[in-house]
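# Report on the structure
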2 protein chains.
Amino acid sequence: MDEDEKNPGFGLKVNAGIEQPSQINPDAIDKIKRRKAVNLHSDEYLKGIVSGDRTILARAITLVESSLDDHRKSAGQLIEKCIPYSGKSIRIGITGVPGAGKSTLIEALGKLLTLKGHKVAVLAIDPSSEISKGSILGDKTRMEELAVDRNAFIRPSPSAGTLGGVARKTRESVLLCEAAGFDVIFIETVGVGQSETAVHSMVDFFLLVLIPGGGDELQGIKRGIMEMADAILINKAEGENIHRANEAKQNYTNALHLMPPSHSGWIPLATTCSALQNQGIPEIWDMILKYSAFTKANGYFDRRREEQDVKRMRKTLQEELSRLFEQTEGMAELIRQAETDIQHKRVTSYSAAYNLINEFIMRTSK
Amino acid sequence: MDEDEKNPGFGLKVNAGIEQPSQINPDAIDKIKRRKAVNLHSDEYLKGIVSGDRTILARAITLVESSLDDHRKSAGQLIEKCIPYSGKSIRIGITGVPGAGKSTLIEALGKLLTLKGHKVAVLAIDPSSEISKGSILGDKTRMEELAVDRNAFIRPSPSAGTLGGVARKTRESVLLCEAAGFDVIFIETVGVGQSETAVHSMVDFFLLVLIPGGGDELQGIKRGIMEMADAILINKAEGENIHRANEAKQNYTNALHLMPPSHSGWIPLATTCSALQNQGIPEIWDMILKYSAFTKANGYFDRRREEQDVKRMRKTLQEELSRLFEQTEGMAELIRQAETDIQHKRVTSYSAAYNLINEFIMRTSK
């Protein structure tokens with residue numbers, strides 16, 4: 001294949017910068033598996049996906065997760081073909097401290113939903129999966145019943161070099177799952193780095209899961225996440241903890257009421273449940289349905305998705321421009337020097353930035 | 001003057017993009033005034049500023065606010081000379097809904113501080129000042145006593161085309177005020193667009209001012225501001241409102257306690273005052289002193305300033321790169337088309353962004 005055919009929509013220079021293939025060990029392990037997976041033409045993938053074939057869906061997601069150049073080309077073609085079939089779902093983000101019981105909650109909600117005739121997909125964003133050798137998120141062993149449910153589909157987080165790469169693969173997997181008929185998509189994350197912000201930017205409803213403490217339930221959660229949440233769920237409201245859970249519910253309800261309304265007009269709720277004892281689970285789904293109806297009626301639902309997509313494009317543009325900039329010869333060292341100059345109060349942020357831009361213009365204009 | 005001399009540190013192409021001088025009417029009106037102001041050489045400005053000459057400080061800030069090319073050159077030189085004299089202050093951001101009594105509060109705090117021997121500067125960020133024909137922020141008629149205090153310096157918001165421009169001029173004015181010996185700098189803003197975020201990014205302490213309501217005190221404040229605040233102040237705790245003010249104080253204290261700790265380790269407080277009746281004002285200053293001592297002891301104070309400056313440089317770089325990108329011939333139309341394609345679900349955000357980058361690379365490589 002010549003250069004253009006390899007990457008019709010992706011300049012090779014740009015592509016090489018994104019994935020950093022040499023850093024991704026699991027790819028080497030899976031390489032043989034994946035080359036086998038590419039045997040299908042994108043039209044065959046599409047046919048299988050749209051007919052609801054879970055095996056083909058899984059292979060397609062593996063294709064999307066691959067960093068190999070020919071896979072990226074095929075994946076790009078497939079995703080574009082799937083877009084018209086996508087979108088008919090509700091996308092629910094779930095975050096919370098480790099130990100909050102997210103997996104148990106997703107299992108309980110998932111079972112309720114498949115019983116109601118829904119098709120439920122569970123994805124995850126866990127950029128630390130590389131380090132922890134396999135993510136505990138989206139772990140089928142923690143969702144045993146859902147894992148064997150014909151109408152549920154569980155996928156662990158892609159392992160990748162960067163949060164940006166993981167987020168992109170997840171967004172694309174959402175489209176594939178929706179094209180395959182999954183109408184409830186859970187995206188789970190823990191509070192690592194900026195992963196909550198990444199999940200928040202790709203879902204319709206963002207759920208924060210806490211466990212009853214003594215007012216310190218948000219320990220371990222990043223600041224700003226509380227004001228992002230569409231609902232706060234106090235899990236493990238069972239046994240000795242029921243009283244503390246109700247107290248926490250009251251405290252968070254009060255706090256949420258003090259906050260300014262979100263753009264949707266929806267007032268975030270705090271509620272309790274016990275995923276383990278299957279208590280309070282239908283109420284969570286009812287709340288999400290209410291949110292969905294409310295925001296579809298006032299147009300916010302679609303508007304939010306549109307804004308997310310346009311924002312994602314602009315952010316990707318900025319990231320790629322920054323990458324081109326930093327990869328221009330000599331610029332990385334100049335940037336480091338500029339930061340040192342700023343820290344030693346030799347220049348202002350602005351003059352340092354403008355000097356760097358001028359250097360860049362000079363070096364790229366020769 | 002030849003091209004290089006006009007803009008030694010600023011590529012003309014870059015500079016022309018920032019200020020959009022043709023949009024700034026007040027400059028035409030002030031043009032004569034400003035050309036007069038440029039009569040001083042930057043060394044003379046520096047001498048006057050460092051000796052605490054308020055008239056020269058005012059003229060220097062006028063110079064910094066000017067968009068004229070020769071002024072920008074002189075301003076750049078002056079600012080660089082002032083940097084070694086800057087930084088010895090505490091920078092306090094003040095935001096709140098219109099009518100919260102920010103001006104009265106700044107007057108009360110300012111008077112307390114000048115009595116204690118401090119030198120107090122009051123700046124403002126109000127990007128709407130262009131529209132409202134003069135900002136109500138930093139309005140001397142609302143701070144009558146402080147306006148005639150020899151140890152206070154009040155400056156209304158620069159009027160400018162963009163928040164970015166206003167924010168930059170304000171940051172640079174902060175450096176000039178500090179070089180002139182002002183050791184307490186207030187920066188006031190209202191909740192217009194992203195101005196709170198801009199102020200938060202240039203201060204040491206961020207104060208949110210509310211008035212007692214029925215739990216709706218944050219109406220009109222953007223989401224996310226509450227978690228940015230280092231303290232919440234319930235003003236107008238007087239007369240019939242004392243009870244509601246104390247209730248609000250309790251509610252916000254509870255809410256703030258639920259939130260995760262900030263990176264500084266400081267637990268934000270909620271407190272009441274009546275700026276009009278001069279009640280609770282020394283307590284506010286004591287709290288700020290506590291914050292200052294606490295964060296200087298654990299290193300957070302300096303670290304935060306350093307991070308703000310480095311972040312500002314990186315953001316300015318991104319903004320300038322985006323501008324170069326959008327100003328490249330034909331790109332603006334392609335970007336608009338890409339957004340339409342995304343909204344009509346013809347392409348993903350990622351493929352749209354990569355296509356645009358490739359177009360850009362092609363057009364700039366010819």
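From a predicted model like this one, the values you see are computed outputs, not experimental measurements.

## Concerning the domain arrangement of chain A
It is common to give the size of an interface as the accessible area that goes away when the parts come together. Domain boundaries assigned for chain A yield domain 1 (29-85), domain 2 (86-298) and domain 3 (309-364). With centres defined by C-alpha atoms, the gap from domain 1 of chain A to domain 3 of chain A works out at 37 Å.

## Details of the pattern of salt bridges
Per the stated rule, a full pass over the model turns up 32 salt bridges over all chains. Arg304 of chain A is the partner of Asp230 of chain A in a salt bridge, and the nearest nitrogen-oxygen pair spans 3.7 Å. With Asp230 of chain A in the loop between strand E5 (205-210) and strand E6 (231-234) and Arg304 of chain A in helix H13 (residues 300-327), the pair connects residues that are 74 residues apart, well separated along the chain. The class of Asp230 of chain A is buried, set by a relative accessible area of 5%. Counted as one network, the salt bridges with shared partners bring together Arg314 of chain A together with Glu326 and Glu339 of chain B.

## Structural notes on the nonpolar core
Membership of the largest hydrophobic core comes to 176 residues, with the highest contact counts inside it found for Leu105 of chain A together with Leu105 of chain B. Counting 32 residues, the second-largest nonpolar core is a separate cluster that includes Leu324 and Met331 of chain A together with Ile342 and Val347 of chain B.

## Some remarks on the relation of the copies chain B and chain A
Screw-axis analysis of chain B against chain A gives a translation of 0.0 Å along the axis, an RMSD of 0.1 Å, and a rotation angle of 180°. Taken together, the rotation angle and the small translation identify this as a two-fold axis. Rotation axis and chain B: the residue whose C-alpha lies nearest the axis is Ala255 of chain B, separated from it by 2.4 Å. Mapped onto chain A, 100% of the interface residues of chain B are again interface residues, and the two copies thus contact each other with one and the same surface.

## What about the pairing of strand E2 (residues 120-125) of chain B?
Residues and elements named next belong to chain B. Across the six residues of E2, six count as buried, placing the element largely inside the fold. Burial along E2 is two-sided: Val120, Val122 and Ala124 and Ala121, Leu123 and Ile125, pointing in opposite directions, are all buried. Bridge analysis of E2 against strand E3 (residues 152-154) gives three bridges, and the strand direction is parallel. Its bridge partner lying in E3, Val122 is registered against Ile154. Pairing of E2 with strand E4 (residues 184-189), which is carried by six bridges, proceeds in the parallel orientation. Bridging across to E4, Ile125 finds its partner in Thr189.

## Remarks on the sheet that holds E6 of chain A
Residue and element names in this part refer to chain A. Reading across the sheet, the seven strands line up as E3-E2-E4-E1-E5-E6-E7 and stay open at both edges, with parallel pairing between neighbours. Each having just a single partner strand, strand E3 (152-154) and strand E7 (269-272) make up the two edges of the open sheet. Taking each pair of neighbouring strands and ignoring which way they run, the sheet shows an average axis angle of 20°. The sheet contact formed by E5 and E6 spans four bridges and is parallel. Across the sheet, residue Leu208 finds its bridge partner in E6, namely Ile232. Where helix H11 (residues 242-258) meets the sheet, it contacts E5, E6 and E7, and its direction lies at approximately 175° from that of E7.

## Some points on helix H5 (residues 54-65) of chain B
Residues and elements named next belong to chain B. For H5, built from 12 residues, the straight-helix expectation of 16 Å at 1.5 Å per residue is met to within 8% by its first-to-last C-alpha distance of 16 Å. Restricting attention to buried positions, one finds in H5 the residues Ile56, Leu57, Ala60, Ile61, Thr62, Leu63, Val64 and Glu65. Two or three places before Thr55, at the start of H5, stands the capping residue Asp53, its side-chain oxygen 2.9 Å from that residue's backbone nitrogen.

## What about the pairing of strand E5 (residues 205-210) of chain B?
All names here are of chain B. In terms of burial, E5 is a largely internal element, six of the six residues being buried. By the alternation rule, side chains of E5 split into Phe205, Leu207 and Val209 and Phe206, Leu208 and Leu210, which are all buried. In this structure, strand E1 (residues 90-96) lies alongside E5, joined through five bridges in parallel fashion. For Thr95, the partnering residue across the bridge sits in E5 and is Leu208.

## Re the side chain of Thr189 of chain A
Residues and elements named next belong to chain A. Summarising the element assignment, Thr189 is placed in strand E4 (residues 184-189). Classification of Thr189 by relative accessible area gives buried; the value is 0%. From its side chain, Thr189 meets the backbone oxygen of Ile125 in a polar contact 2.9 Å long. Only 3.0 Å separates the side chain of Thr189 from the side chain of Ser195, close enough to count as a polar contact.

## Some thoughts on the interface of chain B and chain A
Opposite the 73 residues of chain B that make contact, chain A presents 73 residues. A buried area of about 6,500 Å², summed over both sides, lies between chain B and chain A, and 66% of it is on carbon and sulfur atoms. Looking at the side of chain B facing chain A, the largest losses of area belong to Arg223, Leu258 and Tyr350 of chain B, adding up to 14% of the total buried there. A salt bridge links Glu339 of chain B to Arg314 of chain A; the nearest nitrogen and oxygen atoms lie 2.7 Å apart.

## Some details on the packing of helix H14 (residues 331-343) of chain A against helix H13 (residues 300-327) of chain B
Direction vectors running N to C along H14 of chain A and H13 of chain B enclose 140°, while the axes themselves pass 9 Å from each other. Taken as axis vectors, H14 of chain A and H13 of chain B run oblique relative to one another. As for the relative orientation of H14 of chain A and H13 of chain B, their crossing is right-handed in sense. Every residue of H13 of chain B that contacts H14 of chain A at Ile335, Ala338, Glu339, Ile342 and Gln343 of chain A is listed here: Glu306, Asp309, Val310, Met313 and Arg314 of chain B. For the contact of H14 of chain A with H13 of chain B, the per-class residue count stands at five nonpolar, one polar and four charged.

## Focus on the packing of aromatic side chains
Taken as a whole, this structure holds 10 aromatic pairs over all chains when the rule is applied. Taken together, a centroid distance of 6.4 Å and an interplanar angle of 55° make the contact between Trp266 of chain B and Phe294 of chain B tilted. Residue Trp266 of chain B is located in the loop between helix H11 (242-258) and strand E7 (269-272), and its partner Phe294 of chain B is located in helix H12 (residues 281-297); the two are separated by 28 residues in the primary sequence. Given a relative accessible area of 8%, Trp266 of chain B falls into the buried group. By the ring-pair criterion, three or more aromatic residues cluster together here, those being Phe205, Trp266, Tyr291 and Phe294 of chain A. The ring centre of Phe301 of chain B lies 4.5 Å from the NZ or CZ of Lys296 of chain B, which sits over that ring.

Rules and cut-offs
- Residues numbered from 1 in each chain as written.
- Chains lettered and ligands numbered in written order.
- Predicted model: local features only at pLDDT ≥ 70, side-chain atom pairs only at ≥ 80, totals over all residues.
- Heavy atoms only, no water.
- Domains from an automatic or database assignment.
- Salt bridge = Lys/Arg side-chain N within 4 Å of Asp/Glu carboxyl O.
- Helix = DSSP H or I, 4+ residues; strand = E, 2+ residues; numbered from the N terminus.
- Buried < 20%, exposed > 50% of the residue type's maximum accessible area, 1.4 Å probe, protein only.
- Core = buried A, V, L, I, M, F, W, Y, C linked by side-chain atoms within 4.5 Å.
- Least-squares fit on C-alpha atoms with pLDDT ≥ 70 in both.
- Contact = heavy atoms within 4.5 Å.
- Pairing = 2+ DSSP bridges.
- Axes fitted to C-alpha atoms, helices over the stretch in contact; angles between N-to-C directions.
- Expected span 1.5 Å × (residues − 1).
- Polar contact = N/O pair within 3.5 Å; in protein donor to acceptor, adjacent residues only side chain to side chain.
- Buried area = accessible area lost by both parts, 1.4 Å probe.
- Parallel < 35°, antiparallel > 145°, perpendicular 65-115°, else oblique.
- Left-handed = near helix turned anticlockwise from the far one by under 90°.
- Nonpolar A, V, L, I, M, F, W, Y, C, P; charged D, E, K, R; others polar.
- Phe/Tyr/Trp six-rings, centres within 6.5 Å; stacked < 30°, edge-to-face > 60°.
- Lys NZ or Arg CZ within 6 Å of the ring centre and 35° of its normal.

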